[in-house]
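Below are the chains, spelled out letter by letter.
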Amino acid sequence: MVADIMHGLSAYFWSLFSGPADLVLLVGLVGQGLFTARFLVQWVASERAGRSVIPLSFWFLSLGGSAVLLGYALYRRDPVFILGQSLGTVIYLRNLALVFRERRAPGG
């Protein structure tokens, strides 16, 4: 039984990653790459500072990745993915607005 499940899973994943790569798939992968890069940027910045920090580039990568993935989800017509990325996009825009407001403030 376990062997059958493992065989089924391996066949499923093989079918996912062995098919032709179209432009939509590549756009989705770019979005996921941007989204993943934000974690690497945050990790490196925190290690350098010796404390947890969130650099400005984290928010731009978050927004870019979320926007690209939202477009991908809209194209794929995936309501779960659309809802998840929609909220994230709003949150990332708000955080960028707060960062720039703070920078414009006296002493910021």
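Predicted model, so just to flag it, every value in this text is computed and none were measured.

**Examining the overall build of the protein**
Helix and strand counts for the protein come out as four helices and zero strands. For the protein, the sequential pattern of α-helices and β-strands runs α-α-α-α. Its C-alpha atoms give the protein a radius of gyration of 19 Å, more than 25% over the compact-globule value 13 Å for 108 residues. Of all 108 residues assigned to the protein, the portion counted as buried reaches 24%. Within the protein, residue pairs in contact and separated by at least 24 positions form 58% of the contacts whose partners lie at least 6 positions apart. One finds the centroid of the 9 positive side-chain charges in the protein at a distance of 17 Å from the centroid of its 5 negative side-chain charges.

**Describing the UniProt feature "domain: Lipid A biosynthesis N-terminal" (unreviewed entry) in the protein**
On the UniProt side, "domain: Lipid A biosynthesis N-terminal" (unreviewed entry) is annotated at positions that read residues 27–98 here. In residues 27–98, helix accounts for 89% and strand for 0%; the two terminal C-alpha atoms are 29 Å from one another.

**Structural notes on the packing of aromatic side chains**
We describe a pair of aromatic rings using the distance from one ring centre to the other and the angle between the two ring planes. Under the defined criterion, the tally for this structure stands at five aromatic pairs. Centroid distance Tyr72 to Phe81: 6.3 Å. Interplanar angle 80°. Geometry classified as edge-to-face. One aromatic cluster in this structure is built from Phe35, Phe58, Trp59 and Tyr92. If you follow Arg38 out to its NZ or CZ, it ends over the ring of Phe35, 4.0 Å from the centre.

**Description of the UniProt feature "transmembrane region" (unreviewed entry) in the protein**
Under the present numbering, the feature "transmembrane region" (unreviewed entry) in UniProt falls on residues 23–41 and 53–75. The distance from the first to the last C-alpha atom of residues 23–41 is 27 Å, and the span holds 100% helix and 0% strand. As annotated, residues 53–75 comprises 87% helix and 0% strand, and the C-alpha atoms at either end are separated by 34 Å.

**Some details on unusual backbone geometry**
Here Arg77, not a glycine, exhibits a phi torsion of approximately 60°, which is positive. In this structure, Arg77 sits in the loop between helix H3 (56–76) and helix H4 (79–104). What makes Arg77 exposed here is its relative accessible area of 71%.

**A few points about the nonpolar core**
In terms of nonpolar packing, the biggest core is built from seven residues, these being Phe35, Phe58, Trp59, Leu63, Leu69, Tyr92 and Leu96. Of all the secondary-structure elements, those providing two or more residues to this core are H3 and H4. Top element by residues in this core is H3. It accounts for four residues. Aside from chain neighbours lying at most four places away, what touches Leu69 is Gly28, Gly31, Gln32, Phe35, Phe81 and Gln85.

Cut-offs used in this document
Residues numbered from 1 in each chain as written. Predicted model: local features only at pLDDT ≥ 70, side-chain atom pairs only at ≥ 80, totals over all residues. Heavy atoms only, no water. Helix = DSSP H or I, 4+ residues; strand = E, 2+ residues; numbered from the N terminus. Rg over C-alpha atoms; globule rule 2.2 N^0.38 Å. Buried < 20%, exposed > 50% of the residue type's maximum accessible area, 1.4 Å probe, protein only. Contact = heavy atoms within 4.5 Å. Lys, Arg positive; Asp, Glu negative; His and termini not counted. Charge placed at Lys NZ, Arg CZ, Asp CG, Glu CD. UniProt positions renumbered as here; feature names shortened; annotations may be inferred. Phe/Tyr/Trp six-rings, centres within 6.5 Å; stacked < 30°, edge-to-face > 60°. Lys NZ or Arg CZ within 6 Å of the ring centre and 35° of its normal. Core = buried A, V, L, I, M, F, W, Y, C linked by side-chain atoms within 4.5 Å.

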